[in-house]
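# Summary of the model geometry
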Amino acid sequence: PLEPLRFDTVPKSLVVGGGITGLRAAIGLADIGIQSVLVEREATLGGWVGRFGSTFPDDASGADEVAGLIEQIKSRRDITLYTGAELTGKSGNFGNYTVELTLHRDGGDKTLSVDVGSIIVATGFDSYAPDEGEYGYGIDGVVTLPEFKKMVDASAGPIARNGKPVRSLAYVYCVGSRQEAPGNEYCSKFCCGATLHASVLASKIDPSLRQYHLHRDIRAYAKQELIYEESRERGSVFMKWDADTPPAVAKLKDGRLGVTVMDLLTDRMEVTLPVDLVVLVTGMVPRENASLTDILKLPLGADGFYNEIHPKLRPVETVVDGVLIAAALRGRRRHPSRWRPA
């Protein structure tokens, strides 16, 4: 028979990371009567979502959603918030940890100790940064997906770059993902849906905008199938390329960008698309957290993301009792050859 285990624990939790996951975790703990200390090393809260305008699937503003959560945080006595702060030490045992926080202030760093029963790590992810020359990166007019999303969110009228209107653009998928070692072999899962949503937003701003999606596969699962269909209905052209013959980006004589691709959907016909903008669809990479990883003794997978005990049965627990992981800092360790296109 299963026997219950009982421990005396401190009814307080440390939440590391002030993105949308960390904010929701702190609020959720307060809802069940557990105090929390929320620590964010940046000066502002919100992470990636806090920078977004319209988001999928309901087109709600990411910045507005985060602002609402911050207001809830401020109104709750059970939540203590520190920005510009880091976890710099941990001692004790499961249910009774003492953590050391370093607060970076103008007058110098300050340290304080807090007793907590558990630690939730929600430090998020970084976006892949292409190397100079990778798919033309570094050429004027070649941007990453986060940069393009920022352009779309800031556009009150037709999209422009450096004062020039963007009348056509090409998306190059799987930049930094599904590559042979030493690249990132994993699929980042969110990139296709994020790009399709951005393309729909761009077409709403400027219905005459010509958009070309150069992909290896489109993985628009669940509700993302709807945004995939809408993108096609709005005139987006989808072209499939093979990993052995990736697209090449170069400057044309007229100053525009030329993207040369061998399209598998047209009997391997090679075409060069003259466009005003190239968007490199960059995926997720692990956030640089070497100090935090060392302090908490968290295990990393081969992909650099944190490992849970079991992806189905214990998806947020780690081998360190009382230390939990949440959201995008967890990886999906599957080899690309086992995936199938959507």
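Residues numbered from 1 in each chain as written. Predicted model: local features only at pLDDT ≥ 70, side-chain atom pairs only at ≥ 80, totals over all residues. Heavy atoms only, no water.

## A short note on the packing of helix H4 (residues 191-205) against helix H5 (residues 224-233)
For the pair H4 and H5, the least separation of the axes is 9 Å and the interaxial angle reads 40°. The orientation of H4 with respect to H5, classified from their angle, is oblique. In this structure, H4 meets H5 at a crossing whose hand is left-handed. Packed against H4, whose contacting residues are Gly193, Leu196, His197, Ser199, Val200 and Lys204, the element H5 presents Gln224, Ile227, Tyr228, Glu230 and Ser231 at the interface. Its residues assigned to classes, the contact of H4 with H5 shows four nonpolar, five polar and two charged. (Axes fitted to C-alpha atoms, helices over the stretch in contact; angles between N-to-C directions. Helix = DSSP H or I, 4+ residues; strand = E, 2+ residues; numbered from the N terminus. Parallel < 35°, antiparallel > 145°, perpendicular 65-115°, else oblique. Left-handed = near helix turned anticlockwise from the far one by under 90°. Contact = heavy atoms within 4.5 Å. Nonpolar A, V, L, I, M, F, W, Y, C, P; charged D, E, K, R; others polar.)

## Here's the deal with the packing of aromatic side chains
Across all of its chains, the model carries seven aromatic pairs by this definition. Ring plane angle 10° and centroid distance 5.3 Å describe the contact between tryptophan 48 and phenylalanine 125, whose orientation is recorded as stacked. Here tryptophan 48, found in the loop between strand E2 (35-40) and helix H2 (62-75), pairs with phenylalanine 125, found in strand E8 (residues 125-127); they are 77 residues apart in sequence, far enough to count as distant. With a centroid separation of 5.7 Å and 80° between ring planes, the pair formed by phenylalanine 148 and tyrosine 171 is classed as edge-to-face. A residue pair is termed long-range when its members are at least 10 positions apart, and phenylalanine 148 in helix H3 (residues 145-154) and tyrosine 171 in strand E12 (residues 168-175) qualify at 23 residues. (Phe/Tyr/Trp six-rings, centres within 6.5 Å; stacked < 30°, edge-to-face > 60°.)

## A word on the pairing of strand E13 (residues 210-215)
Of all six residues making up E13, five are buried, and the element is well covered by its neighbours. Note: E12 against E13, five bridges, orientation parallel. Across the sheet, valine 172 pairs through a bridge with leucine 214, a residue of E13. As a crossover connection, the stretch from E12 through H4 into E13 is right-handed. Strand direction decides the pairing type here: E13 and strand E14 (residues 237-240), joined by four bridges, are parallel. In the strand pairing of E14, tyrosine 212 is matched with valine 237. (Buried < 20%, exposed > 50% of the residue type's maximum accessible area, 1.4 Å probe, protein only. Pairing = 2+ DSSP bridges. Right-handed = clockwise from strand over helix to strand, strands pointing away.)

## Remarks on the packing of H3 against H4
Two elements in contact, H3 and H4, have axes whose closest approach is 10 Å; the angle formed by their N-to-C orientations is 30°. Comparing their axes, H4 and H3 come out roughly parallel. As for how H3 packs across H4, the hand of that crossing is left-handed. Facing Leu145, Phe148, Lys149 and Val152 of H3, the residues of H4 in contact are Cys191, Ala194, Thr195, His197, Ala198, Leu201, Ala202 and Ile205. Considering only residue class, the contact of H3 with H4 consists of nine nonpolar, two polar and one charged.

## A short note on the sheet that holds strand E7 (residues 118-121)
Strand pairing in a sheet relies on backbone hydrogen bonds, with the paired strands running either antiparallel or parallel. Spatially, the five strands line up as an open sheet ordered E3-E2-E1-E7-E20, and their pairing is parallel. The sheet terminates laterally at strand E3 (79-83) and strand E20 (323-325), the two strands that pair on one side only. Going from strand to strand, the sheet's axes swing by 20° on average, the running direction of each strand aside. Taken together, the five bridges between E2 and E3 define a ladder with parallel strand orientation. Among the inter-strand pairings, serine 36 is bridged to a residue of E3, identified as isoleucine 79.

## A closer look at unusual backbone geometry
Looking along the chain, the bond that leaves phenylalanine 56 and enters proline 57 is cis, with omega of 10°. Checked against the element boundaries, proline 57 lands in the loop between E2 and H2. Although it is not a glycine, lysine 189 adopts a positive phi angle of roughly 75°. By secondary structure assignment, the location of lysine 189 is in the loop between E12 and H4. Backbone geometry places arginine 268, a non-glycine residue, at a positive phi of 60°. Structurally, arginine 268 is set in the loop between strand E16 (257-263) and strand E17 (269-275). With a relative accessible area of 45%, arginine 268 lands in the partly exposed category.

## Structural notes on the pairing of strand E18 (residues 277-282)
By the criterion of burial, E18 is predominantly enclosed, with six of the six residues buried. Because side chains alternate across E18, one face comprises the buried residues Leu277, Val279 and Val281, and the other comprises Val278, Leu280 and Thr282, equally buried. The pairing of strand E9 (residues 142-144) with E18 spans three bridges and is classified as parallel. Residue pairing for E18: threonine 144 is matched across the bridge by leucine 280.

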